[in-house]
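Close look at the chain arrangement
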Amino acid sequence: MCAEASELVERGVNILILSDRNLGPDRVPMPSLLATAAVHHHLVRAGTRLQSGLVVETGQAKEIHHVACLIGYGASAVNPYVMFESLYALHREGRLPEGMAPDDAVARVIKAVGKGLLKILSKMGISSIRSYTGAQ
């Protein structure tokens, strides 16, 4: 995975997506935090980390702390797809507040994650998400 990331950066790819979708016999599951940290540190050692953004698409991020950890270990962005898919499932089951569309629920979750990250950062005395990215 690290070698593939380096190869892509050398070819000029500036956004790398680490995803835990499509797992199967040929794709071994790996904790998203471990994969993120491994690729981030590999690119730092190679001196190419600043040439690309690291997007993590994971079903493992189920709460704000998980998103914060991924960012802290190098993710530039996080797509917690299972969290969003769960909102659509809740809508189909009629378990969202009456009149709330699933897109509204997604927007509220995104806002809540942003506020939660801001709270974590402010408690640590960090003023921007860029300062937090990769800081561990």
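Scope of this entry: the structure provided in the associated data block. (Residues numbered from 1 in each chain as written. Predicted model: local features only at pLDDT ≥ 70, side-chain atom pairs only at ≥ 80, totals over all residues. Heavy atoms only, no water.)

We now examine the pairing of strand β1 (residues 15–19). Residues of β1 alternate between two faces, with Leu16 and Leu18 buried on one and Ile15, Ile17 and Ser19 left unburied on the opposite face. Of the pairings in the sheet, the one linking β1 to strand β2 (residues 53–57) comprises five bridges and is parallel in character. Note that in β2 the partner of leucine 18 across the bridge is valine 56. Handedness of the crossover joining β1 and β2 through helix α2 (residues 32–46): right-handed. (Buried < 20%, exposed > 50% of the residue type's maximum accessible area, 1.4 Å probe, protein only. Helix = DSSP H or I, 4+ residues; strand = E, 2+ residues; numbered from the N terminus. Pairing = 2+ DSSP bridges. Right-handed = clockwise from strand over helix to strand, strands pointing away.)

We now examine unusual backbone geometry. Only a minority of non-glycine residues have a phi that is not negative, and only a minority of peptide bonds are not trans. Positive phi outside glycine occurs at asparagine 22, with the angle close to 60°. With respect to the secondary-structure elements, asparagine 22 resides in the loop between β1 and α2. Residue asparagine 22 is classed as exposed on the basis of its relative accessible area of 66%.

Here the focus is the sheet that holds strand β3 (residues 77–79). Ordered by their spatial adjacency, three strands build an open sheet running β1-β2-β3, and the pairing between neighbours is parallel. The outermost strands of the open sheet, each flanked by one partner alone, are β1 and β3. Each strand of the sheet is rotated relative to its neighbour by a mean of 20°, with strand direction disregarded. (Axes fitted to C-alpha atoms, helices over the stretch in contact; angles between N-to-C directions.)

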